[in-house]
Amino acid sequence: MWIGVQNGRYVMRHVCQSSDELSTYGWTRHNARDFGHQVLVDQDMTLGTSFLKSKESGSGYGGDWAVRIQVNSKKSEEAEELLKTGHLFFYLADEDGNALSLNRDAINIHETSLLASGSRSDVGNWQLHLESRDNLKVHFSGFKTEHYHNLSELVQENIGAQARKFGRLQLSDTSDDSSNILVFQISGSIPFRTDLAFISGSGLPNSREEERVNNLTGSSLTDRLKEKELEFDTRFEESFGLANKFDFESTTVGKAAVSNLLGGIGYFYGRSKIALPGASHPGSQDSFLFYWPAELYTAVPCRPVFPRGFLWDEGFHQLLIWRWDIHISLDILGHWLDLMNVDGWIPREQILGAEALSKVPEEFIPQYPSNANPPALFLVLRELIHGLKKNAFTETESSEISSFLERAFVRLEAWFQWFNTTQPGKEASSYYWHGRDSSTIRELNPKTLMSGLDDYPRASHPTEDERHVDLRCWMLLAADCMHSISELTGKGKGLETVYSSATKILSEFELLNQMHFDDAHGTYLDFGNHTEKVRLIWKEVMGAQGFTTRQLIREVSEPPRLRMVPHIGYVSLFPLMGRIIPPESWILGKQLDLISNRSIFWTDYGLRSLSKTSSLYMKHNTEHDAPYWRGTIWMNMNYLILSALNHYATEHGPYRERAKDIRDELRSNIIRNVVRNYHKSGYMWEQYNQKTGKGKGAHPFTGWTSLVLLIMAEAYTES
């Protein structure tokens, strides 16, 4: 925690969030294991934090770690007086409730560096030390509580009482009996720097506490952090090779992309709520049951806004993570597959633990076992399989990947079968996303959350007659991967033919065209019970209490009929992304026409999600449900489209050069816009405005928006 200044007043900061209006915050370097550096700019104050983990001889379970905090300010006229002194609050908590021992001499850090100590069965004895050459003052407060969510309030109350009594901004230097949380206030004239070191396994023979503290503070820590920084830069260049392609500004964005994706990885533990079918009251206790207690090691889209795992997002995250650290990637994939139930279903949103639950409204927490999510983990599995076939990995890595695929096979097989048995359409080899609301009178177009594309327009009236082109293409990816895995591992004897047959049918070009190609629009579309004569109008509605209210209600002025759904957007390009279109086909030429058409997909900042010609382009879905996948630019789809264009740019055919030209221009537009936004706003964003290129939505969104680094590196998905 720290005290910042906003509108001429002191404010307590704890977690970074949009409402804080920080100029920027995030990791500039992070290697996912033992080193990271982040920068937070709060108005005129800049905080830099670096951490280092160390496993040395004599250390206990988990090793030792150090944190360096540097405080600087611009000293603008407005903040000059308030920012003469900086106040940091470093806290230590034992989640098991064990009492922490405070060193009462800690407030004199020039006499002793020891702040606190304690013991745990898992870590052993431990010590926390503080070292600084600057003239700092330390104050403290100890709390005994089972709750951590209100720690900010506890600290503010303590400081407030001191301010009222003595007119000073400092903790009370008091501690509750058997405190399990200790908060240390570190104050000094800006600029200043302080190092904190945690030593495990202390108090044992040959534990060398003083030597280890010295190695994790002062000039020794400076040298070790510089070494880690150089290691990161070297590894970054080896992995992505940007040095000869981009300037410093662009490379900085690339480093921030991978660092924040890696730095956002978390360990979550809890129980998912699973909705029961046909519950009369969705919010009642009998409307859901709990999944088993589960752990999940995963990347997240945006730690401040979405601190939880999303199934289809994770497939995109791993496209970048495996290139940085294949071992971490396999670990994450394994955790996700271990969340599968006996039917082969994985809850699409993992809301595990207090941090995740704090960011989700209660009504959106239950997960529905009938609802799918794109099997995007197959995106990374496809690349790993391709790498094995091309001998692109070291012998150790190849062995680890092969072992993982063997162990994962039974789960992947169950997952594939779950899709085949729960998501098929009426016609053979057709699929649609089950679970859309056919009775809604509030939504302009019933959402398809399970597709990942949320409010992307589908058939106006959901029925079992629907056919969704994107799900068909996802199933081709899954079938092809399963076929390759069964061949590579020898698993699933007798099933190679099943997967081979499924792959052959789903990649059948003429069959795809019969089901989804629309001659009138010259592109691929969904099929379903649809009318364009739908709108939202204000109506007087009688409420349960007998009061009338004005509400936006859906009005249909023409009966729907079974037809192609005439909305051109990302879904229309899935056969292109899946490389199903032969390179010599005239349909490929039509797809390239649509991509380069400024009224359809093309903008100077990336490809928009829905054509300007669509009747639902940038339309609200309800009064409060703003357009989401109805025009704005999304990085994950642009990356897959670029990968497809790269494929066709290297295949012999009449459209080869055109695909190459479009690929190069689209790539330049995307990179230029993301880099410009990052340096102007301080962040990467969830999506980008199709008219101005300005970032919008959640930020810092370094989940799949981090794919901009792979676009910079021209590291596209292999088929």
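Conventions and cut-offs
- Residues numbered from 1 in each chain as written.
- Predicted model: local features only at pLDDT ≥ 70, side-chain atom pairs only at ≥ 80, totals over all residues.
- Heavy atoms only, no water.
- Salt bridge = Lys/Arg side-chain N within 4 Å of Asp/Glu carboxyl O.
- Helix = DSSP H or I, 4+ residues; strand = E, 2+ residues; numbered from the N terminus.
- Buried < 20%, exposed > 50% of the residue type's maximum accessible area, 1.4 Å probe, protein only.
- Core = buried A, V, L, I, M, F, W, Y, C linked by side-chain atoms within 4.5 Å.
- Contact = heavy atoms within 4.5 Å.

Let's talk about the pattern of salt bridges
Applying the stated rule across the entire model yields 38 salt bridges. Here Asp455 and Arg630 are joined by a salt bridge, their closest N and O atoms 3.6 Å apart. Within this pair, whereas Asp455 is found in the loop between α10 (395-422) and α11 (469-489), its partner Arg630 is found in the loop between α15 (586-595) and α16 (635-649), the two being separated by 175 residues in sequence. We classify Asp455 as buried; its relative accessible area is 2%. With relative accessibility at 0%, the residue Arg630 sits in the buried group. With a closest N to O distance of 3.3 Å, Lys660 and Asp664 form a salt bridge. In this pair, Lys660 and Asp664 both sit in helix α17 (residues 656-681), four residues apart, roughly one turn of the helix.

Examining the nonpolar core
Phe240, Phe316 and Trp474 are the most contacted members of the largest nonpolar core, which has 192 residues in total. Sort the elements by how many residues they give to this core and α11 lands first, with twelve residues. Residues within four places of Trp474 in sequence aside, it is in contact with Trp312, Phe316, Pro374, Pro375, Ala376, Leu379, Trp433 and Phe574. Among the nonpolar cores identified, the runner-up in size contains eleven residues, and Met1, Leu151, Ile159 and Leu171 belong to it.

Some words on unusual backbone geometry
Note that the residue after Ile190, namely Pro191, is joined by a cis bond; omega there is 5°. With respect to the helices and strands, Pro191 occurs in the loop between β13 (181-189) and β14 (192-200). Note that the residue after His699, namely Pro700, is joined by a cis bond; omega there is -5°. Its location among the elements puts Pro700 in the loop between β28 (695-696) and α18 (708-713). Phi is positive for Ala32, which is not a glycine, with a value near 75°. Under the relative-accessibility criterion, Ala32 is labelled buried at 18%. For Met618, which is not glycine, the phi torsion reads 55° and is therefore positive. Following the sequence through the fold, Met618 ends up in the loop between α15 and α16.

These values are about where atoms sit, not about what they do.
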